[in-house]
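Observations on the model geometry
Letter by letter, the chains look like this.
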Amino acid sequence: MKAFRIIFISLILVFLYAPIAVLVGNSFNSSKYGQKWGGFTLKWYEKLLENDSLMTAFGHSLLVAVLAATTAVVVGTLMTLAIYRYRFPLKKTTSSALFILMMSPDIVLAITFLVLFMALGVSLGFWTLLLAHTTFCLPFVVITVYAQLKGFNPYLFEAAKDLCASEWQIFTRIVLPLLLPAIAASWLLSFTLSLDDVIISSFVTGPEYEVLPIRVFSMVKVGVSPEVNVLATLLLVVSTISIAIFVLLTKNKQLNKSN
Amino acid sequence: MLSFRRLVIILTLSWMAIMVVVPHFLVLLTSFFTPDSQHLAVWPLTLDGYSKVFQAIYIDVFLSSLWLSAIATLICLLLGFPFAFILSKFSPTTRNILLVVMMLPFWTNSLIRTYAIKIILGKKGLINTGLLGAGIIDEPLNMLYTDFAVIFGLVYILLPFMVLPLISSFEKLSSELIEAAKDLRASAWQRLRYIYIPLTSPGIVAGCLIVFLPAMGMFYVADILGGATSLLLGNVIKNQFLVVRDWPFGSAFSVSLIIIMGLMLLLYYKANRYVQRQGGLDDESL
């Protein structure tokens, strides 16, 4: 029985990793179509660096991911504070809107954003991309930050109030420092979500601001391209590092709880 | 002067209103408009968009894409349920390590993972080479550009989403229940039927929900892996918005998708309530 369990788990992991392993292997494979091993090479890495349109798209994607994650973290943390500490009209509606935002399939969000931008007459590009990405990252920030905020002793805030701290002081001196791990973790999460997004990006950006997924999509649809393997390998390294940091950060949170 | 508190509340409400509530209403409104090549959607209000959804060709597309997503969800459940069950038997440390290992591929770009599947399933890909080498088949299988490839891709991309809620359901399940069942000589099948499945049902429903809903929208999976007829709802919606430019019809399609989502959320809510009721009984008896 135990052997069976281990075999099953291993098979699933092989299923999850084999395709990625093939990509990473092929990124070093000098044979173009990657069906046979043609010897070790770094030429695809050079090719990627020379591929201007791909590198520009990569740069755009990184920029949007960094800015969207940062904006989402700022807005999301303030939103969490509002939901946790303040009473205001339509509070319930706000929470359900966040829930809908999280559950809605990307395709639905994508068209809601597109219809909004068209109705407002905004031309599609950097700003629409940034707004859309920030918005779809928000619920994930709120969930992560709220989970940590709930773990705090509520008397902290009351003690601060008794000592005549203003809301701004409570936010900057108590909430922010204590929430730092959750904030950093949700930044990384948002960064990855934004970098990974295909569906929403293909609706809310225009031809003059091409991002990575759209560029890759058009390359991959036509046929096999070794530069994509290289890109996959590099992205894998980036995500491995960010998930490692994410795990360390959320682990600290559990420590805090037990203390 | 505006206080900090007021600013935070205004920011929260206006962001949600402008970026979430208003756009959803706009889509709903668009779905009742008349299509127009110049202005995308114009007065007067009509139900044409919806009647198009129910036209024979689109009903076929609708049903076949629901079918593809449903099969992918079912396979995810059949793989994910035992996976989560086995994982829940490990010590917390091993479990967490395995979870991180499982989640790692999920963090790489899903478009690139779809491309990886394309390479694996090709005529000279890993699977065909392996099967030919092992002598199981004589000719390479035609897997790419079929419904099978689309389902394979969806399962590959979405499996981790199924496992996560299941794991948390299994963790909540008390081992005493299982021991009691064993004492009462319940067979493995009876334990599965009367304990594991009912008590992990919120996890099952949540998992199916977060696999099924995105699966319907992943147009790039069908575009890259599927043949001409393997379409997902996402392909239809994308075509209507970006190619054909029949926005009212595209919106009507999306509203139908939202309605399906609403029904599934209702089911999730019911499953949760069901388990809480069962749990309440257990508390009384202890």
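Cut-off values and rules
Residues numbered from 1 in each chain as written. Chains lettered and ligands numbered in written order. Predicted model: local features only at pLDDT ≥ 70, side-chain atom pairs only at ≥ 80, totals over all residues. Heavy atoms only, no water. Helix = DSSP H or I, 4+ residues; strand = E, 2+ residues; numbered from the N terminus. Buried < 20%, exposed > 50% of the residue type's maximum accessible area, 1.4 Å probe, protein only. Contact = heavy atoms within 4.5 Å. Areas by Shrake-Rupley, 256 points an atom, 1.4 Å probe, with all protein chains shown as cover. Lys, Arg positive; Asp, Glu negative; His and termini not counted. Charge placed at Lys NZ, Arg CZ, Asp CG, Glu CD. UniProt positions renumbered as here; feature names shortened; annotations may be inferred. Patch = residues over 30% accessible without salt bridge, like charges linked within 9 Å, V, L, I, M, F, W, Y side chains within 5 Å. Salt bridge = Lys/Arg side-chain N within 4 Å of Asp/Glu carboxyl O. Axes fitted to C-alpha atoms, helices over the stretch in contact; angles between N-to-C directions. Parallel < 35°, antiparallel > 145°, perpendicular 65-115°, else oblique. Nonpolar A, V, L, I, M, F, W, Y, C, P; charged D, E, K, R; others polar. Buried area = accessible area lost by both parts, 1.4 Å probe. Polar contact = N/O pair within 3.5 Å; in protein donor to acceptor, adjacent residues only side chain to side chain. Phe/Tyr/Trp six-rings, centres within 6.5 Å; stacked < 30°, edge-to-face > 60°. Core = buried A, V, L, I, M, F, W, Y, C linked by side-chain atoms within 4.5 Å. Expected span 1.5 Å × (residues − 1).

Turning our eyes to something else, we now look at the overall build of chain A. A count of helical and extended segments in chain A gives 11 helices and zero strands. Ordering the α and β elements of chain A from the N terminus gives α-α-α-α-α-α-α-α-α-α-α. On the principal axes, the C-alpha backbone points of chain A span a range of 70 × 60 × 35 Å. Here chain A holds 259 residues, and 52% of them are scored as buried.

The next thing to look at is the overall build of chain B. Within chain B one finds 13 helices and two strands. For chain B, the spread of C-alpha atoms along the principal axes amounts to about 70 × 70 × 40 Å. Across the 286 residues that make up chain B, the buried fraction comes to 51%. In chain B, 67% of the contacts between residues at least 6 apart in sequence involve partners at least 24 apart. Carbon and sulfur atoms form 67% of the exposed surface of chain B, whose accessible area is close to 14,000 Å². Across chain B, the mean location of the 19 positive side-chain charges is 5 Å away from that of the 15 negative side-chain charges.

Moving on to the UniProt feature "transmembrane region" (unreviewed entry) in chain B. Residue and element names in this part refer to chain B. Those residues carrying the UniProt feature "transmembrane region" (unreviewed entry) are residues 7–33, 53–85, 97–116, 148–167, 194–213 and 249–269 in this numbering. The distance separating the terminal C-alpha atoms of residues 53–85 is 40 Å; by composition the span is 94% helix and 0% strand. Between the C-alpha atoms that bound residues 148–167 there is a distance of 28 Å. The span itself is 100% helix and 0% strand.

The feature "domain: ABC transmembrane type-1" (unreviewed entry), as annotated in UniProt, sits at residues 62–268 of chain B in this numbering. Here residues 62–268 of chain B is 79% helix and 0% strand, with 23 Å between the C-alpha atoms at its ends.

Now for a nonpolar patch on the surface. Residues and elements named next belong to chain A. Among the surface-exposed residues, Trp 37, Phe 40 and Leu 42 lie close enough to one another that they form a single nonpolar patch of about 390 Å² accessible area. You can see Leu 42 is positioned in the loop between helix 1 (2–27) and helix 2 (43–50). Exposure remark for Leu 42: the relative accessible area of 45% places this residue in the partly exposed category.

Residue and element names in this part refer to chain B. Interhelical geometry of helix 9 (residues 188–199) versus helix 10 (residues 201–217) gives an angle of 55 degrees and a closest axis separation of 4 Å. Taken together, the axes of helix 9 and helix 10 lie oblique to each other. In this structure, helix 9 contributes Ile 197, Pro 198 and Leu 199 to the contact, and helix 10 contributes Ser 201, Pro 202 and Ile 204. When the residues that make up the contact of helix 9 with helix 10 are grouped by side-chain class, the tally is five nonpolar, one polar and no charged.

Put simply, an interface is often sized by how much accessible area is lost when its parts join up. Tallying the contact residues gives 73 residues for chain B and 81 residues for chain A. Summed over both partners, the interface of chain B with chain A comes to about 7,200 Å²; 85% of that surface belongs to carbon and sulfur atoms. Of all residues in chain B, Phe 4, Trp 107 and Tyr 115 of chain B give up the largest surface area on contact with chain A, accounting jointly for 11% of the area buried on that side. Where chain B touches chain A, the interface holds zero salt bridges. Scanning the region where chain B abuts chain A turns up four residue pairs in polar contact (both at pLDDT 80 or more).

All told, the structure shown has 24 aromatic pairs over all chains when counted by the stated rule. Their ring planes at 80 degrees and their centres at 5.6 Å tell us that Phe 15 of chain A and Phe 152 of chain B sit as a pair that is edge-to-face. Here the residue Phe 15 of chain A occupies a position in helix 1, and Phe 152 of chain B occupies one in helix 7 (residues 147–172), the pair thus bridging two chains. The exposure class of Phe 152 of chain B is buried, given its relative accessible area of 18%. Arranged with centres 5.2 Å apart and planes meeting at 70 degrees, the rings of Trp 168 of chain A and Phe 4 of chain B form a pair that is edge-to-face.

Here the focus is the pattern of salt bridges. In this structure the tally under the stated criterion is four salt bridges over all chains. Between Glu 171 of chain B and Arg 95 of chain B there is a salt bridge, and its shortest N-O distance comes to 3.0 Å. Taken as a pair, Glu 171 of chain B in helix 7 and Arg 95 of chain B in helix 4 (residues 92–103) lie far apart in primary sequence, 76 residues in all. Accessibility expressed as a relative area gives 11% for Arg 95 of chain B, which makes it buried. Salt bridges sharing common partners tie together Arg 85, Lys 161 and Glu 167 of chain A.

Right, let's talk about the UniProt feature "transmembrane region" (unreviewed entry) in chain A for a bit. Residues given the UniProt feature "transmembrane region" (unreviewed entry) here are residues 7–28, 62–84, 96–120, 126–149, 170–189 and 228–249 of chain A. End-to-end, the C-alpha atoms of residues 126–149 of chain A are 33 Å apart, and along that stretch the chain is 100% helix and 0% strand.

One way to put it is that helix 1 of chain A packs onto helix 4 of chain B with a least axis distance of 10 Å and a crossing angle of 30 degrees. What the angle tells us is that helix 1 of chain A and helix 4 of chain B run roughly parallel. Contact residues: helix 1 of chain A offers Ile 9, Leu 13, Leu 16 and Tyr 17 of chain A, while helix 4 of chain B offers Leu 98, Val 101 and Met 102 of chain B. Of the residues belonging to the contact of helix 1 of chain A with helix 4 of chain B, the class tally is seven nonpolar, no polar and no charged.

What follows deals with the nonpolar core. Grouped together as the largest cluster of nonpolar side chains are 182 residues, with contacts concentrated most on Phe 203 and Val 216 of chain A together with Leu 154, Met 218, Tyr 220 and Phe 253 of chain B. Counting residues per element, this core draws most heavily on helix 7 of chain B, at 15 residues. Setting aside residues no more than four positions away along its own chain, Val 216 of chain A makes contact with Leu 54, Val 228 and Leu 231 of chain A together with Leu 111 and Ile 112 of chain B.

Right, let's get into helix 5 (residues 110–121) of chain B. Count 3.6 residues to each turn of an α-helix, and residues three or four apart come out pointing the same way. Residues and elements named next belong to chain B. Here helix 5 is 12 residues long and its end C-alpha atoms lie 16 Å apart, about the 16 Å a rise of 1.5 Å per residue gives. Taken across its 12 residues, helix 5 has 12 buried, putting it largely inside the fold. Among all positions of helix 5, only Ser 110, Leu 111, Ile 112, Arg 113, Thr 114, Tyr 115, Ala 116, Ile 117, Lys 118, Ile 119, Ile 120 and Leu 121 are buried.

The next thing to look at is the environment of Met 162 of chain B. All names here are of chain B. Assignment of secondary structure puts Met 162 in helix 7. For Met 162, a relative accessible area of 0% gives the class buried. Counting along the chain gives 47 residues from Met 162 to Leu 209, while the straight-line C-alpha distance between them is 8.7 Å. If sequence neighbours within four positions are ignored, Met 162 has contacts with Thr 73, Cys 76, Leu 77, Gly 80, Gly 207, Cys 208 and Val 211.

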